[in-house]
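What the coordinates show
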Amino acid sequence: MKAVALTEFGDPEVLTAQELPDPLVGPDFVLVEVRAAGVNPVDWKIRRGYLQGVLPHHTPLIPGWDVAGVVKSVGPAVSGYQVGDEVFAYARKDHVQNGAYAELIAVPERGLAHKPRSVSFEQAAAVPLAGLTALQLLRAVEVGEGDAVLVHAASGGVGHFAVQLAQQLGAGRVLGTASERNHAYLRELGAEPVTYGEGLQERVAELVGGDGKVDAAVDFVGGEALSVSPQLVREVSRHGSVVDPGVLQQGGRYVFVRPDSAQLAWLGELLEAGKLRVDLQQTFPLEQAAKAHELLEDGHVRGKLVLTVG
């Protein structure tokens, strides 16, 4: 099969088009013909070797944990899918090697869901990792009916899902940090924009009134946003991060997103019903994965980037 892979860690140029063996299909795995693969910040961090202390890595390494495509074959223990089904998946495994930047990927059944019919492969591939990350962190800090929620980095790939999903979970108000150029975009999503940086606590207090605090805060950027979050929430246990486990020392919650078929299916239902918006900034052919990494690593992407295959 054709794939984009690396044999050494480093700059985007280490990603090259290669001809590699087709994946093995385990008993509870599904072989998917890839139509689109999502590009996420974790991909460039893997490319640079930053996750070697977290998960085993093997080369040649094909990046990519987000995929949408068509079922080509199923393992003998698979019961929920058959050849020809359109699916999308968060395809993270217990080691890093056989990812989604390829014509074929074998995905554990636990990470799959049926693709919504009304959604394109490109849109579907943009959802799993980012959508599940947002949902799992919002649930970890117990976002519910009537809550005022602050989303750090609200215009990014995960953040723009978190804004919408907080509303689906019942939040009464959603505030989102972003640069001023993204404020109008956040208003389109239903959030109240807040400029990040020095003075954030005062700006949040001015918006919410009362005691100047929100019910919950979710962090998708780290750094200063994480350090100030404990001062922004009424209960310190109701702030969380997906970026820095140091949030645990602050009394908050840390989430490293897990594959979850049921949660992914629920996100699919929201997509089908038009209740979850997917914003694609740009798509690239598979062979231009390095260009997608350059853009994403630059740090100014609004919404999502996706690779198209075939």
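Let me sum up the structure you'll find in this document.

Among the structural elements, L307 can be located in strand 17 (residues 304–308). For L307, a relative accessible area of 0% gives the class buried. For the pair L307 and E287, spaced 20 residues apart in sequence, the C-alpha to C-alpha distance is 8.6 Å. Contacts of L307, omitting those with residues within four sequence positions, involve R35, A36, A37, V39, Y101, F284, P285, L286, A289 and A292.

Considering all chains together, one arrives at 1 cavity of 30 Å³ or more under this definition. The space that makes up the largest cavity amounts to roughly 40 Å³. Along its surface, the largest cavity is lined by I62, G64, W65, A91, K93, H95, V96, Q97, N98 and G99. With 3 residues, the single largest contributor to the lining of the largest cavity is strand 7 (residues 96–98).

Inspection of the secondary structure puts D147 in the loop between helix 3 (128–140) and strand 10 (148–151). A relative accessible area of 10% means that D147 is categorised as buried. The contacts of D147, once residues within four sequence positions are left out, are E142, G170, A171, G172, R173, D215 and R238.

What follows is about the packing of helix 3 against helix 4 (residues 159–168). Following both chains from N to C, one finds helix 3 and helix 4 inclined at 50°, their axes separated by 9 Å at the closest point. The orientation of helix 3 relative to helix 4 falls into the category oblique. Relative to helix 4, the crossing made by helix 3 is right-handed. Where helix 3 abuts helix 4, its residues A130, G131, A134, L135 and L138 lie against F161, A162, L165 and A166. A breakdown of the residues in the contact of helix 3 with helix 4 according to their chemical character gives 8 nonpolar, 1 polar and no charged.

So, about helix 6 (residues 200–208). Turning to helix 6, its buried residues number three or more, namely L200, V204 and V208. What you see down the axis of helix 6 is that its buried residues fit within an arc of 55°, all on one side. What points out from helix 6, more than 90 degrees from its buried face, is the exposed set E202 and E206. For helix 6, the secondary structure elements touched by its buried residues are strand 10, strand 11 (173–178), strand 12 (192–195) and helix 7 (224–228). The positive-phi residue at the C-terminal boundary of helix 6 is G209, with phi of around 70°.

Taken as a whole, this structure holds 2 aromatic pairs when the rule is applied. Ring centres of W65 and Y90 lie 6.2 Å apart, and the angle between their planes is 70°; on these two criteria the pair is classed as edge-to-face. With W65 in the loop between strand 4 (57–62) and strand 5 (66–74) and Y90 in strand 6 (residues 86–90), this pair connects stretches of sequence that are 25 residues apart. In this structure W65 comes out as buried when scored by relative accessible area, which is 6%.

Definitions and limits used
Counting restarts for each chain, with residues numbered from 1 along the sequence as it is written. Per-residue local features are limited, in this predicted model, to residues with pLDDT of at least 70; the limit for side-chain atom pairs, both in listing and counting, is 80 or more; totals at the level of whole chains, interfaces and linings are taken over all residues. Just so you know, side-chain values use all the structure's heavy atoms and leave hydrogens and water out. Going along the chain from the N terminus, every DSSP run of H or I of four or more residues is numbered as a helix, and every run of E of two or more is numbered as a strand. Note on classification: 1.4 Å probe, protein chains only; a residue is buried when its accessible area is under 20% of the maximum for its type, exposed when over 50%, partly exposed between these limits. By definition in these notes, contact holds between two residues if any of their heavy atoms fall within 4.5 Å. The distinction between a cavity and a pocket rests on a 1 Å grid over the protein atoms alone: a 1.4 Å probe fits inside a cavity but cannot get out, while a pocket stays open yet meets protein on both sides within 12 Å along at least five of seven lines, and a residue with an atom within 4 Å of a point counts as lining. Grid points are joined across faces, edges and corners, and a volume is the space filled by probe spheres set on the points. Note on geometry: axes are C-alpha line fits, over the in-contact stretch for helices, and angles between N-to-C directions span 0 to 180 degrees. In these notes the angle categories are as follows: under 35 degrees is roughly parallel, over 145 is roughly antiparallel, 65 to 115 is roughly perpendicular, and the rest is oblique. By the definition used in this description, the sense in which the near helix is turned from the far one sets the handedness, with an anticlockwise turn below a right angle giving left-handed and a clockwise turn giving right-handed. In this classification, Asp, Glu, Lys and Arg are treated as charged, Ala, Val, Leu, Ile, Met, Phe, Trp, Tyr, Cys and Pro as nonpolar, and every other residue, Gly included, as polar. Throughout, the arc means that of the directions going from the helix axis to the C-beta atoms. Pairing of aromatic rings covers Phe, Tyr and Trp, the last through its six-membered ring, and needs centres within 6.5 Å; plane angles under 30 degrees mean stacked, over 60 mean edge-to-face, and all others mean tilted.

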